[in-house]
Amino acid sequence: DLVVGLEPIDWVQQLARRSVLQGVYFVLGCTQAALDRLTTSFAEKRLLAIAATHDTLLQDLDRLRQAIYGISPTAPYHYQLQLRGQAIALMGRAVQAVLITQGGRASLTANPAYRLQGEASIFATSGQTLDILAAALGAIVGAPLSQVD
């Protein structure tokens, strides 16, 4: 028999802990795309609630980007989890806002909101571990990080 390689029994878990933020950039990009759609919706409808929603979500995205882009490679695992969970929750809020502004048109496959919804589903679950799942759910309900463990 040929041995390809030997790894510690928990090497998959170790790898997952080192790459918790790896997929977060897709999540941030989807969030930005949703904000771009909100800008378009505001131009079409001129409803101040759309602009206010956009501005609030953009502030949240800017804060999150700063935290993620400035993170140290040696940042604690739980902090990285918290950032990933917050990014997923923010993407969900932004995409939901687009769906609401598009109304029934959002369910048409030709509508950009439809595509955003599909991409958000993929990005929210790609590379998911149980820790990332718990962090995302915690962020959705506003749980403090200590409840994510």
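One can find the structure itself at the top, above this paragraph.
*Asks:* What should I look at first to understand the packing of aromatic side chains in this one?
*Replies:* Describing an aromatic ring pair means giving the distance of the ring centres and the angle of the ring planes. Counting across every chain of the model gives two aromatic pairs. Measuring from centroid to centroid gives 6.1 Å for Tyr25 and Tyr69, while their planes differ by 15°, and the two rings are stacked. Here Tyr25, found in helix α2 (residues 24-45), pairs with Tyr69, found in helix α3 (residues 48-69); they are 44 residues apart in sequence, far enough to count as distant. Classification of Tyr25 as partly exposed rests on a relative accessible area of 45%.

*Asks:* Quick question: what am I supposed to make of the environment of Ala87 here?
*Replies:* Along the chain, Ala87 falls in helix α4 (residues 77-102). Residues Ala87 and Ala136, 49 residues apart in the sequence, show an inter-C-alpha distance of 8.1 Å. Residue contacts for Ala87: discarding those within four places in its chain leaves Val24, Val27, Leu28, Thr31 and Leu64.

*Asks:* What am I meant to see in the packing of α3 against α4 here?
*Replies:* Relative placement of two packed helices is described by the angle separating their axes and the distance separating the axes. Remark: α3 packs on α4, axes separated minimally by 10 Å, with the N-to-C direction vectors making an angle of 160°. One way to sum up the angle between α3 and α4 is to call them roughly antiparallel. Of the two elements, α3 crosses α4, and the hand of that crossing is left-handed. Contact with α3, carried on its side by Ile50, Thr53, Leu57, Asp60, Leu61, Leu64, Ala67 and Ile68, involves Tyr79, Leu83, Gln86, Ala87, Leu90, Arg93, Ala94, Ala97 and Thr101 of α4 and no other residues of that element. Tallied by class, the residues present in the contact of α3 with α4 amount to 12 nonpolar, three polar and two charged.

*Asks:* In this structure, what is going on with the nonpolar core? I would like to understand it.
*Replies:* Side chains of a nonpolar character, in soluble globular proteins, are inclined to be buried together. Residues Cys30, Leu38, Leu57, Leu64, Met91 and Val95 are the most contacted members of the largest nonpolar core, which totals 37 residues. Looking at this core, the element that brings in the most residues is α4, giving 12 residues. Among residues more than four places away in sequence, those in contact with Leu57 are Leu35, Leu38, Leu90, Arg93, Ala94 and Ala97.

*Asks:* What am I meant to see in the pattern of salt bridges here?
*Replies:* Opposite charge on two side chains permits them to pair, given that their charged atoms come into close proximity. For the structure shown, the criterion picks out four salt bridges. Residues Asp60 and Arg63 are paired through a salt bridge, measuring 2.5 Å at the closest nitrogen-oxygen approach. Of this pair, Asp60 and Arg63 both sit in helix α3, three residues apart, roughly one helical turn. With a shortest N-O distance of 2.6 Å, Arg115 and Glu119 are connected by a salt bridge. Of this pair, Arg115 and Glu119 are both found in helix α5 (residues 112-125), four residues apart, which corresponds to roughly one turn of the helix.

The rules behind these values
- Residues numbered from 1 in each chain as written.
- Predicted model: local features only at pLDDT ≥ 70, side-chain atom pairs only at ≥ 80, totals over all residues.
- Heavy atoms only, no water.
- Phe/Tyr/Trp six-rings, centres within 6.5 Å; stacked < 30°, edge-to-face > 60°.
- Helix = DSSP H or I, 4+ residues; strand = E, 2+ residues; numbered from the N terminus.
- Buried < 20%, exposed > 50% of the residue type's maximum accessible area, 1.4 Å probe, protein only.
- Contact = heavy atoms within 4.5 Å.
- Axes fitted to C-alpha atoms, helices over the stretch in contact; angles between N-to-C directions.
- Parallel < 35°, antiparallel > 145°, perpendicular 65-115°, else oblique.
- Left-handed = near helix turned anticlockwise from the far one by under 90°.
- Nonpolar A, V, L, I, M, F, W, Y, C, P; charged D, E, K, R; others polar.
- Core = buried A, V, L, I, M, F, W, Y, C linked by side-chain atoms within 4.5 Å.
- Salt bridge = Lys/Arg side-chain N within 4 Å of Asp/Glu carboxyl O.

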